[in-house]
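Architecture and fold: a report
Given next are the chains, with one letter for each unit.
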Amino acid sequence: MFTKYILRFVLFCSLTYTALAQSPVYFTGYGRALIDDSRFSSSSPFIENDTTSAKKALRGNFMFDLGINVKPNDNFRVNTILRVNNQFGGFFSTGSDLQFRQVQIEGVLAKKVSYGIGDLDFGLTKYTLYNSFDPTYSPFEAEAIKIRRDIMHYENFNTENKWRLQGVRLGTELTAQKYIQSVRLLGFATRIIPSNFMNTPDRLLYGGNIQVVQSKYLTVGGNIAGISDIQGTVIDTVVFYQNNVVTGEYKLNYASKTYRYQLFGELGRSFYNFNKVDQQVQVKTTDGFFEAGAQLKHRYHPFQLMASYRVVGPEFYSPGAQTRRIYDDGTPGLLNDGVNGVDSRNQTIYDRMTDLNVYNRSIATTLMYFNPIYNNATPYGAATPNRKGLTLDVMYGNKDSLLYASANVQVLSEVLGVGFPSKRQFILATGGITINVNKWIQRERLFALSTGVRYEQTKGSSSADINLNSLMLDASLTYECLRNFDVIGGIKYFTASGSDIVSLRNDFNQIVDYSRFNADVRQNIWTGGVRYRFSKQMFFSANVFVTSNSDALVSSNGFTIQQYFFSYVMKF
Amino acid sequence: MKNIMYFFFAALILFLNCKQYNQEFIGAPLGIATDNFEVVGNSFQPSAPSVNVFNQTMYFQSTFTENVSWTIKLKGRTSSAVKTIKGTSPFLDMTNAIWDGSADSLRLFLQNETIDATLTVFGWSSSLTTSFTLAQGRNHGLVLGRFESINKFSSISFQDTYFWFSQFEANEMVFNDTIFDAFAPQGRRAYRINGNDANNSFYIGKLGLSPDPANYFAVGSSVPTDVYFNLFVKGEGVASNGKLVIETFEDDNQNNIQDYTGAEDKYSYEILVNYDGWKLHTIRYSNFSKVSSGGNNNKEPHLIKNIGYFIALNSLSGSKNVNVLIDYPTISVGGPMVP
């Protein structure tokens, strides 16, 4: 019965789409039906002698996002996305809920100024406004894992490294003639916390960017990303927060017959001011950063090489760039109770690619907690405070070429020691390779092999016993055995062991305490299954995932979960 | 080229503007023990083998050979309540290693339970453990209920408080009993109020508490801004459509007879239980709202004759079923209850 409703709905959308093809109204859509059946392995120590916790879970839902676009002319467009969501087991259509997922207005004023209002994606540079990837993500991971991660990215509006926020954006480009070719201007303002009219003031994130193209040889720019409470929006002011980041950047270009050369850099400062009015405590601080590098690109081959050096001060605070995408302390939603309901399951790499509960969508003004096993070198992205060092990056090919390979190595250290003078040193190396075998053997059908690696090392004072290592490996196979019918499989392996001292910060980002951190964990994801591609934007996949976690320090944290996952995804 | 030179000069000025760091490190001193570190005599002791934190000072004693960052972790063997005490010093004594009976978790330490204390020091691979008995716990104010008995009726005499329940319509209450809950903040059981609003009246049922008929609740203050109602409440997530209402009945004319007709003051406070897990709610009596039409309109906590905890629907359009667990209702004076 429910399927019949859905088919009617899709048919209605298709017919309407055809009818309105020439009208100012057009539709886009994204639909998804998911079912997962999960169960603990009976030998999991986490549920040993457990008589109260759930050992199995069957979940499923159908979701359809209908994008309605009204574009009466080239200078104006309204977009809204309506979401119909139905949990399987809900009472057919009455068990569904309907909500607005997105509302946008975009247009151009006087053919000069573009504007956007509503739910928009915002981003500037890595030091001002940037949503860094989860460190467990790899572009070389298996297709089945990519399907799961794409769902998380879609649900959390993680479009590359942008933040999805609600506000207004203005932009324009001015062309000059004599000394300057063009000037591009962008400004935006969003509200990240609404006032409760009592003691929480409105908090705005605002900023802008200017890009001055002097010639094909030189581009300079400036960025501002600020967050500020708005005084007067509450009766009783309890806190006042303000943080402004101002940066400048440059690009110097030169091209020979064979290579393109570029020198680039960015430098700037943050100005932090947090006043807890009710407690009469105010902290003001300022600190800076700079990054300078060089890049080499072959003009005719997909090869590029980059090297840069950066210093980020210990008190450089840029919430727009330092806020983390994942709550490392988030409790997983799937089969999370164990030990007779007394304990919650540890978050694993599997949860980080499948569980909405651990994803963060808002800008945090205090440096968020992070788990050192996943990323100790750059937990807050390139803007991680108290880091300096060298980055080397090399890349060859692209995802459609016979060979695609990339490697990135960061050799970093702390600018100042934490808690004592000795400084930590970090090595972070990531990379991988994809071989599109079908291009090699000149076969039309897909046949790709990939492997990826992420290695991280933290070294520090031996008296403080700082020595932490982690390794993540990916392997993937995609093989189109029948036309549009793929076998997809892969492995993700993660291990971390060692010891470190974790800093605990107060609301002012000050390090006030420490805790000893020890780890000896291993996590695996094995996946295999099939995918049928109806078109480039529509597929069905059926996969089995087996994920396990073992903890040599706390054996009761060990578990194995087996999950059957079926997904039907369509876009138009 | 001239423009490029200007740019580099500007960049250089900005670069030179970078902060100069005068300190050797950031953050609080870590206090790492060296290889020569020792705890003198390997001695780590509580101030007494049986401690009373209600009216005495409880502390730990030890002496170190260095100024180090130390941590004492307490864990109740029965309650699993935990508390961490930290500091940086070359010794432990009553100036820096005091325990006031509080817990870091929502779970409370229990009277007469054995508590294990473990001392660790940054950079020191060993640890020392001691244990003691909590003879008398922290002062949480007037305790109205503990709900530790399996038979709810045997709980009637807890803390000299009378206990009863009622439902607003027949058969709407499904459960009103004590129930085992692994995460119950106090002990291992909590009180369950569960029902179904069959007649769409919002109201389902309640747990009522009364002091001895001849007395009022021994709140300890007549100033409503000084009096706090504390209560642990467990919710069932955002999909829950329930709320818990705390209501108080005052005996304005002091005739020792509770009036239910609205002729005397009745106040209430609503808690929306749309969250998952246990939470401690603390409500100042001055924030309660007047419900009855009669009465003298003065909040008089010392004249409270009856306290009710009832469940109701938040909205008629949602689920009709409400399931709430409550534990350890108390009344404190001068500030919220600290677990």
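Residues numbered from 1 in each chain as written. Chains lettered and ligands numbered in written order. Predicted model: local features only at pLDDT ≥ 70, side-chain atom pairs only at ≥ 80, totals over all residues.

Helices and strands together make up the secondary structure of chain A, namely five helices and 25 strands. For a compact globule of 572 residues, the expected C-alpha radius of gyration is about 25 Å, and chain A comes in at 25 Å, within 12% of that figure. In chain A, buried positions account for 32% of the 572 residues. The long-range share in chain A, meaning contacts at least 24 apart out of those at least 6 apart in sequence, stands at 62%. (Helix = DSSP H or I, 4+ residues; strand = E, 2+ residues; numbered from the N terminus. Rg over C-alpha atoms; globule rule 2.2 N^0.38 Å. Buried ≥ 20, exposed ≤ 12 C-beta atoms within 10 Å, placed from the backbone. Contact = placed C-beta atoms within 7 Å.)

Now for the overall build of chain B. Regarding its fold elements, chain B presents one helix and 20 strands. Relative to its 339 residues, chain B shows a buried fraction of 37%. The long-range share in chain B, meaning contacts at least 24 apart out of those at least 6 apart in sequence, stands at 73%.

All names here are of chain A. One non-glycine residue, Phe-157, lies in the positive phi region at around 55°. The residue Phe-157 is located in the loop between α2 (143-155) and β6 (163-175) in this model. Positive phi, normally seen in glycine, also occurs at Asp-465, with a value near 55°. Among the secondary structure elements, Asp-465 is positioned in the loop between β20 (447-459) and β21 (467-482).

Glancing now at the pairing of strand β19 (residues 304-313) of chain B. Residues and elements named next belong to chain B. Taken across its 10 residues, β19 has nine buried, putting it largely inside the fold. Alignment of strand β13 (residues 203-211) against β19, held across six bridges, turns out to be antiparallel. In the strand pairing of β19, Tyr-203 is matched with Ala-312. Pairing of strand β15 (residues 242-250) with β19, which is carried by nine bridges, proceeds in the antiparallel orientation. Note on β19: the bridge partner recorded for Thr-248 is Ile-307. (Pairing = 2+ DSSP bridges.)

Moving on, we get to the nonpolar core. All names here are of chain B. Within the largest apolar cluster, 41 residues are counted, with the highest numbers of intra-cluster contacts made by Tyr-191, Val-233, Leu-244, Ile-311, Val-324, Ile-326 and Ile-331. Contributions of two or more residues to this core are made by β12 (189-196), β13, β14 (227-236), β15, β16 (266-272), β19 and β20 (321-333). At seven residues, β19 tops the list of elements feeding residues into this core. Setting aside residues no more than four positions away along its own chain, Leu-244 makes contact with Val-233, Ile-271, Val-273, Tyr-309, Ile-311 and Val-324. Of all hydrophobic cores here, the second largest spans 34 residues; its members include Ile-72, Leu-92, Ala-97 and Ile-115. (Core = buried A, V, L, I, M, F, W, Y, C linked by C-beta atoms within 7 Å.)

Here we take up the domain arrangement of chain B. Residues and elements named next belong to chain B. The assigned domain composition of chain B is domain 1 (40-136) and domain 2 (142-333). A C-alpha centroid distance of 36 Å is found between domain 1 and domain 2. On the side of domain 2, six residues touch domain 1, which itself brings four residues to the contact. The residue makeup of the side of domain 1 that touches domain 2, split by class, is three nonpolar, no polar and one charged. (Domains from an automatic or database assignment. Nonpolar A, V, L, I, M, F, W, Y, C, P; charged D, E, K, R; others polar.)

The subject of this paragraph is α2(A). With 13 residues, α2(A) extends 18 Å between its outermost C-alpha atoms, agreeing within 8% with the 18 Å of an ideal straight helix rising 1.5 Å per residue. Following α2(A) by one or two positions, A:Phe157 has its phi on the positive side, about 55°. (Expected span 1.5 Å × (residues − 1).)

Below, the discussion takes up the environment of B:Ile204. Of note, B:Ile204 is situated in strand β13. Distance in space between the C-alpha atoms of B:Ile204 and B:Phe183 is 25 Å, their sequence separation being 21 residues.

A few words now on the confidence of the model for chain B. Residues and elements named next belong to chain B. In the predicted model, chain B carries a mean pLDDT of 84, and the fraction of residues at 70 or more is 88%. The model gives residues 154-160 a pLDDT under 50, and that stretch makes 13 contacts with residues more than four places away or in other chains. The ipTM assigned to the predicted complex is 0.79, against a pTM of 0.72. (pLDDT = per-residue confidence, 0-100.)

Turning our eyes to something else, we now look at the environment of B:Leu303. Residues and elements named next belong to chain B. For Leu-303, the location among the structural elements is in the loop between β18 (289-290) and β19. Here Leu-303 falls in the buried class, since 21 other C-beta atoms lie within 10 Å of it. Spatially, the C-alpha atom of Leu-303 lies 28 Å from that of Glu-148, the residues being 155 residues apart in sequence.

All names here are of chain A. Of the strand pairs in this sheet, strand β10 (residues 239-255) and strand β11 (residues 259-276) are connected by 17 bridges, and their pairing is antiparallel. The partner of Val-245 across the bridge, within β11, is Ser-270. The antiparallel pairing of β10 with β11 creates a hairpin that spans three residues between the two strands. Hairpin connection, β11 to strand β12 (residues 281-298): the antiparallel pair is bridged by four residues, and Gln-280 has positive phi, about 55°.

Moving on to the environment of A:Ile68. All names here are of chain A. Topologically, Ile-68 is positioned in strand β2 (residues 56-73). In this structure Ile-68 comes out as partly exposed when scored by C-beta crowding, with 14 C-beta atoms within 10 Å. Linking Ile-68 and Thr-28, residues 40 residues apart in sequence, is a C-alpha distance of 6.6 Å. Residues contacting Ile-68, with those up to four places away along its chain left out, are Phe-27, Thr-80 and Leu-82.

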